[in-house]
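# Notes for the structure review
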Amino acid sequence: MTTLITYTFLQIIIMLLLAPLPTGIIRKIKARFQKRRGASIFQPYYDLIKLLKKPQVTISTTSSKVLVLTPYILLGSTLLAACLVPLSTKVTVNLPGDMLVLVYTLALGGFFLTLAALDTSSTFGGMGSSRENTLKSIIEPALIIALVTLAIYYGSTDLRKIMIESANSSLSIDPVHLLLLLALLMVTITETARIPIDDPSTHLELTMIHEAMILEYSGRHLGLVELAAYLKQLIYITLIANIFFPHDQLISFGGILGIVLSLSILVLKVIIISIILGLIETNTVKLRFFSIANYAALAVILSLLGFLCVYIF
Amino acid sequence: MNSIYDMFSMIILLSGIVLIANKRSLSYIRTFQVQSLVITIGALIMAAETQHLELLIVGCLMLFLKVIYIPKYLRRTYNKVTHEIHKDFYLNIPILSFIACLLVVICYISIYQIPLISAKGVVTPLSCNLAIVLIGLLFMISRKDALGHIIGFLVIENGLFSTALFTTRGMPLIVDLGIFIDLLTAIIIMSMIIFQIDTKFQSTDTDKLHNLRG
Amino acid sequence: MFQLLSSPYILCASFYLLAFLAAVISIKWQKINSYLVNILLALGAFAGIISAMYQLNSSLEYIALFDLPTSIPNFTFTLGIDYLSAYFLLDLNLLLLAVAIYTPKYLTHYQDKYNLAVFNLLNSAFIFSLFVVFTAQNLLSFYIFWEIMSVSSYFLANFEHADKETQKASTLYVIMTHLAASLLLIAFLVIFTYTESMLLPQDLSFLSSGLQVILAILLFIGFGTKAGLVPFHIWLPMAHPAAPSNVSALMSGIMIKTAVYGFIRFIFIPFSLPLWFCTLVLIIGIVSAVGGIAYAAVENNFKRLLAYSSIENIGIITTALGAAMVADNLNHPAIASLALMGGLFHTLNHTIVKGGLFLSAGCVQYAAHTKEIPLLGGLAKVMPFTAACVLILSLAVAAVVPFATFSSEWLTYQSLIALISANTPFMNLILILTIALLAMVGALAALTFVKFFGITFLGTPRSAHAQKAQEVPLSMRIALVLPVAFLIFNSVYPSFAVGMITTVVSSAAHLPAVNPYYIYNLPTYDNSPALANYDPTVIIILLLALILFGLIMSIIIGGKLKKRYYNTWDCGFTHQTPLMQYSSSAYANPILIIFRLLYQPEFKSGNDNYNPYNRQKLTYSQTIKKPIVQYLYEPFIHTHQKISQFLTERLQNGYIQQYLLYILLVLIVFIVYNSVL
């Protein structure tokens, strides 16, 4: 029991500390490709601290309590999802929740975020909310098919078990993993509102989905909502890193040294995947909103082919 | 080694599905180029593994023809004709990609039934590459632009070549050479016809050919 | 013979009968009638809850309640309660408690126009017939009270009979439900010819396979129409909005669950059906789920939105039942048990949640006098208590994590995943597509209920209706708290309900008992068919702890919060009106366009009265066609009309000579036939 609580606490702290890093790296890569120096990769940390320290929050007069409650509920549910993600086999948090609980916990956060956007009675909020919910409904089948295929391949829907099995099985390059990796990458880009789907650095109504929903937040509420968005991104990146490229079979130490080594390699993997995401972001253009249906269909086909590879091929 | 060829077949299949999901003519040419490149790399790796000179010759021919020369020629053709921006395909993209997926499933299920093939363990490359042939045909059916028809024909050729390559380590050299010469001639003739269509109708939309009906 | 007071169920049934009598007696005094009848119904509901919970947690497998033989052969009025009936009675009474407390104040809304005493009379008849439907042990008495249930709900749905739309809706309802009931009667009579008894069939697997399939199809169509499965669902979105809200709550909450009871009792338990039929049930279930939520997402009338959402949830329950049938057919009894548990748990949760939502829809209608979402807004400021309850219920319907509806959906997902093993490839393909569509249904449900709650309760009022709204009376608010309380109990401690369901499944359906929830200290999921653990209690505690953590962290880093209130950012445009907010049709517009193959919308815009010197008026309209009505029902109705027209014009045209000619022709045919033989 005490190990569970300590490991959960450790996982929360690590995820919180690591969360703004991928965003910083992606922004740096974007800046470099645009021939700028760019802000330091730790700039999101400084921004978050600045926002959280602000004592005043401006709240819209038309809003009800939902707007004030949402940042906390959003952060709470995203932290819960972060606890359910497998970090490393040395630090297994055996919470009774599997991949479906992860997906629907993120759905709880999304529900409140999209609801609060309607609370401000502004057009931007409604627009962002409507678009975000639409995208969620067309990309969710791809995510679930990919996760269920992994569950069937490795024999359990519990993510920690999947990571352990994946670490124990020999590294084989086979079509299943390629297809599922591509499908999950496409889902990650959609869920974290990155460039082919949504531009995270713009505030024009033609191009914003996630930004439109958080337009009315200020001060520490904005800080909490941004932190939750960074955490969601880290959750998906960690999932991809740990399931498709497990590293724990290379570490044969136990104890504190093993944990530290395992977590450092995890940080390295997160940095590499963030660099890849940054490269994708700089080299693609944002899709027209109704073309995202084609993108989602492609993601579903990829994960469906992955499933067929397991059970038919 | 076999699993690497399975991977290659899967990547070729993926490029086929991406081809179906493409909307613009230049993207067709680019995707076809990538697909041919993957097949070429597969052929060269196979040549290195089996030490057959034929595979090396065929691989290099493929590199020059399908990866470098034919796409350049098609791009030149594309630049010389008038192009208007319109919806180039009949049904919408998600449905077309689902039909492509269905074709893959049908190919697999029919090939799986044949006991001799599953005994040899070549079901995956055979069904994936055969599906590419069908996807090429689907591509020809679903596109209105004449350039789309040419690319579809080329993809069918790609599919046949990669089926032979990954299943049986290639066809005899004479057969391959004959196919390539055929291909080149066909492409040159088709491009000339595209120029004619463009001169007559001021567009390469094959829907307009409908007007030639008596 | 009468069996005096052998169980508290007698108390429950007698309260219902007393309510009916009270309604009859006090038919002249409307107000007292309302209070008296509903108090009696509430007492009956309370007795029913206690007795059902007692039976389900004890080992009383069958309680024979009442047995009244009549002089008609094979027709005895026998009532008996086994675990399955007890579970559904628990379902009925949980909802009835809330509805009975809700009704008196709600009916004052109708006081001047319609006769409340008649309503209460019909209501108590409806409740009593529901009780008998769940507990009847004789096929004929089941059928008779099924018809009484349909007829009384027809009159209840038609309560506002002055309105043309209501009349059309309830007529459609009664015709469809009656046709379905006739199919049920045919099936029952065929079963009687083969089993020679009118008791509930226990095991019909001795019949030939073809006959079993035909009977199962008849029963499936009969019960499926009552449940609202696609393609027999067309009455549901018309009848539920037309009925008064407490009737809609009962109809949507418990009446469509009688069909689920019928499926389990009459199709799942007795027959052993071929694989293609079980797969068909699964497919119809998932198609209903998708169709239901797709139409709910684009709907602007909030009661019709809730009705479509009921179709979606019944689709999910049928998917679970289909999975159970498939698993049973393929010899995986543990997975069948898991799927059946998922279906039954979802039934209970959906009753509570949908009942609560319809009651709250009634509250909104009471306060704002309109059923259209685009005319509402900002109600959370005026009705904070109702808004809080509706928020919790909407979260539950969208099946997000801590709530009980997610637990039941998790059970369904796990049973579907567990079924994907070394099966035939075709079956695996169907199963993975079902799982993918379930995921899409969940996300679309979130969209629908964000729209429902967000546009109705949040923002600023979009019309005068919403501006003049006021908070509803106390009894209606108390009635709304009950479903929320039951939901929270089921969410935090589902082992209670799931334990009862395990008893139901193992005794009634003769499947092995499986307990998918383990306390954290025993993380053994080796003897469970589910592929992982899920313990809602731990997850909820962790969620609350983490929310508190976020709060504490922000207070530690930032200090005490200072709030400043100001207008919403309006991009410099100072004349913002409430109509500039997103409206409900705009919210669902992307879904309408992306899935246009399903809806086939027509967008028409035009300029009327275009005058270059005056401002022109632009109209824009968007119609959604209903493909099932158009392509399935209209041809039938068209052909039927043509045939009737032919018959009226040619064969029954009123000339006496033609009728005499018919008699002559028949006589000649008989003479010839006899002479030829």
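The number of helices and strands found in chain A is twelve helices and one strand. From first element to last, N terminus to C terminus, chain A shows the α and β order α-α-α-β-α-α-α-α-α-α-α-α-α. The C-alpha atoms of chain A give a radius of gyration of 19 Å, which matches the 20 Å a tight globule of 313 residues would have. For chain A, the spread of C-alpha atoms along the principal axes amounts to about 55 × 45 × 45 Å. Of all 313 residues assigned to chain A, the portion counted as buried reaches 63%. In chain A, of all internal contacts separated by at least 6 residues, the share reaching a separation of at least 24 is 80%.

Looking now at the overall build of chain C. For chain C, the count of helices and strands is 25 helices and five strands. Computed over C-alpha atoms, the radius of gyration of chain C comes to 27 Å, within 12% of the 26 Å expected from 2.2 N^0.38 for 677 residues, which places it in the range of a compact globule. Over its C-alpha atoms, taken along the principal directions, chain C stretches across nearly 105 × 80 × 65 Å. Pairs at least 24 apart in sequence give 79% of the contacts found in chain C among residues at least 6 apart.

With 15 residues of chain B in contact, the opposing surface of chain A contributes 15 residues. At the level of secondary structure, the elements contributing two or more residues to the side of chain B that touches chain A comprise helix H1 (2–20) and helix H4 (93–112) of chain B. If one sorts the elements of the side of chain B that touches chain A by residue count, H4(B) sits on top with eight residues. A breakdown of the residues in the side of chain B that touches chain A according to their chemical character gives eleven nonpolar, three polar and one charged.

Quick look at the interface of chain A and chain C now. Taken together, the contact pairs 70 residues of chain A with 69 residues of chain C. Secondary-structure elements contributing two or more residues to the side of chain A that touches chain C are helix H3 (43–53), strand S1 (56–60), helix H4 (65–84), helix H5 (99–119), helix H6 (123–154), helix H10 (219–244) and helix H12 (292–311) of chain A. Looking at the side of chain A that touches chain C element by element, the count peaks at 18 residues for H6(A). Along the lines of polarity and charge, the residues of the side of chain A that touches chain C split into 36 nonpolar, 24 polar and ten charged. In this sheet, strand S3 (residues 562–566) of chain C lies alongside S1(A) in parallel orientation, the contact comprising five bridges. In the strand pairing of S3(C), Gln56(A) is matched with Lys562(C).

All names here are of chain C. Its place among the elements puts Ser 51 in helix H2 (residues 30–56). With 23 C-beta atoms counted inside 10 Å, the residue Ser 51 sits in the buried group. In the structure, Ser 51 is positioned 176 residues away from Ala 227 in sequence and 27 Å away in space, judged by C-alpha atoms. Apart from the residues within four sequence positions on either side, Ser 51 is in contact with Ser 7, Pro 8, Tyr 9 and Cys 12.

Before going further, it helps to spend a moment on the pairing of strand S1 (residues 62–69) of chain C. Bridging between S1(C) and strand S2 (residues 76–82) of chain C involves seven bridges; their strand directions are antiparallel. Counterpart to Pro69(C) in the pairing with S2(C) is Thr76(C).

To continue, consider unusual backbone geometry. Note that the residue after Val230(C), namely Pro231(C), is joined by a cis bond; omega there is 0 degrees. Note on placement: Pro231(C) falls in the loop between helix H7 (209–227) and helix H8 (236–242). At Lys35(A), a position not held by glycine, the phi torsion is positive, near 65 degrees. Among the secondary structure elements, Lys35(A) is positioned in the loop between helix H2 (20–33) and H3. Of note, Ser121(A) is a non-glycine position whose phi angle comes to about 50 degrees, a positive value. Structurally, the position occupied by Ser121(A) is in the loop between H5 and H6. Assessed through the 27 C-beta atoms surrounding it within 10 Å, Ser121(A) is described here as buried.

Before going further, it helps to examine the domain arrangement of chain C. Taken as a whole, chain C is organised into domain 1 (274–512 + 526–558) and domain 2 (634–676). Centre-to-centre, using C-alpha coordinates, domain 1 of chain C lies 54 Å away from domain 2 of chain C.

Residue and element names in this part refer to chain A. The buried count for helix H7 (residues 159–168) comes to seven of ten residues, which makes it a mostly enclosed element. For H7, the full list of buried residues reads Leu 159, Arg 160, Lys 161, Ile 162, Met 163, Ser 166 and Ala 167. Those residues of H7 hidden inside the fold are in contact with H4, H5, H6 and H10.

Right, let's talk about the nonpolar core for a bit. Looking at soluble globular proteins, one finds that nonpolar side chains tend to be buried together. Counting 397 residues, the largest nonpolar core has Ala142(A), Ala299(A), Tyr87(C), Val400(C) and Ile435(C) as its most contacted members. Every residue in contact with Ala299(A), bar those within four places of it in the chain, is listed here: Ile139(A), Ala142(A), Ala183(A), Met186(A) and Val187(A).

Another point: the packing of H7(C) against helix H9 (residues 245–268) of chain C. Residue and element names in this part refer to chain C. Relative orientation of the contacting elements H7 and H9 amounts to 165 degrees, with a least axis distance of 7 Å. Considering their axes alone, H7 and H9 lie roughly antiparallel with respect to each other. Between H7 and H9 lies a crossing of left-handed hand. In this structure, H7 uses Ala 216, Leu 219, Phe 220, Phe 223, Gly 224, Lys 226 and Ala 227 to contact H9, whose residues at the interface are Ile 256, Thr 258, Ala 259, Val 260, Gly 262, Phe 263, Phe 266 and Ile 267.

Moving on: the confidence of the model for chain C. All names here are of chain C. Chain-level pLDDT for chain C is 87 on average; 95% of the residues reach the 70-or-more range. When the criterion is pLDDT under 50, residues 518–526 qualifies, and its contacts beyond four places in sequence or with other chains add up to twelve contacts. Model confidence for the complex: the whole-complex pTM is 0.90, and ipTM, which rates the interface, is 0.94.

Turning next to the environment of Met10(B). Checked against the element boundaries, Met10(B) lands in helix H1. Residue classification places Met10(B) among the buried residues on the basis of 22 C-beta atoms within 10 Å. Between the C-alpha atoms of Met10(B) and Asn158(B), which are 148 residues apart in sequence, the distance is 14 Å. Apart from the residues lying within four places of it in its own chain, the contact partners of Met10(B) are Pro175(A), Leu178(A) and Cys128(B).

Moving on, we get to the environment of Leu273(C). All names here are of chain C. Position of Leu 273 relative to the elements: it lies in the loop between H9 and helix H10 (275–297). Take Leu 273: there are 23 C-beta atoms within 10 Å of it, and that puts it in the buried class. Once residues within four sequence positions are removed from consideration, Leu 273 is found in contact with Gln 212, Val 213, Ala 216, Cys 278 and Met 325.

Let us now look at the packing of H10(A) against helix H11 (residues 255–283) of chain A. Residue and element names in this part refer to chain A. Two elements in contact, H10 and H11, have axes separated by 9 Å at closest approach and are oriented at 110 degrees. With respect to H11, the element H10 is oriented roughly perpendicular. Taken as a pair, H10 and H11 cross one another with a handedness that is right-handed. Every residue of H11 that contacts H10 at Ile 237, Thr 238, Ile 240 and Ala 241 is listed here: Leu 266, Lys 269, Val 270, Ile 273 and Ser 274.

Compared with an ideal rise of 1.5 Å per residue, which puts 23 residues at 33 Å, helix H7 (residues 146–168) of chain B spans 33 Å between its outermost C-alpha atoms and is within 8% of the ideal. Phi turns positive, to about 60 degrees, at Arg169(B), one or two residues after H7(B).

Rules and cut-offs
Along every chain, residues carry numbers that run from 1 in the direction the sequence is written. Note on labels: chains are lettered from A, ligands numbered from 1, in written order. Residue-level local features of this predicted model are given only where pLDDT is at least 70; pairs of side-chain atoms are given and counted only at 80 or more, and the full residue set underlies all totals for whole chains, interfaces and linings. Per the convention used, a helix needs a DSSP run of H or I reaching at least four residues, while a strand needs a run of E reaching at least two, with both numbered from the N terminus. Here the globule rule is a power law, 2.2 Å times the number of residues to the power 0.38, and the radius of gyration is based on C-alpha atoms. Counting other C-beta atoms within 10 Å of a residue's own tells you its class, since 20 or more makes it buried, 12 or fewer makes it exposed, and anything in between is partly exposed; those C-beta atoms are placed from the backbone. Once C-beta atoms have been placed from the backbone, residue pairs whose C-beta atoms lie within 7 Å are recorded as contacts. Here the nonpolar group is Ala, Val, Leu, Ile, Met, Phe, Trp, Tyr, Cys and Pro; Asp, Glu, Lys and Arg are the charged ones; every other residue, Gly included, is treated as polar. When DSSP finds at least two bridges between two strands, those strands are taken to pair. By convention here, the domain bounds are inherited from an automatic or database domain assignment. Working definition: the nonpolar core is a set of buried Ala, Val, Leu, Ile, Met, Phe, Trp, Tyr and Cys residues, joined through C-beta atoms within 7 Å. Each axis is a line fitted through C-alpha atoms, and for a helix only the stretch in contact is used; angles between axes span 0 to 180 degrees, taken between their N-to-C directions. When describing relative orientation, an angle under 35 degrees is termed roughly parallel and one over 145 degrees roughly antiparallel, while 65 to 115 degrees is termed roughly perpendicular and anything else oblique. In this scheme the handedness of a crossing depends on how the near helix is turned from the far one: anticlockwise by less than a right angle means left-handed, clockwise means right-handed. Residue-level confidence of the predictor is what pLDDT reports, using numbers from 0 through 100. To estimate the expected span of a helix, count its residues, drop one, and scale the result by 1.5 Å.

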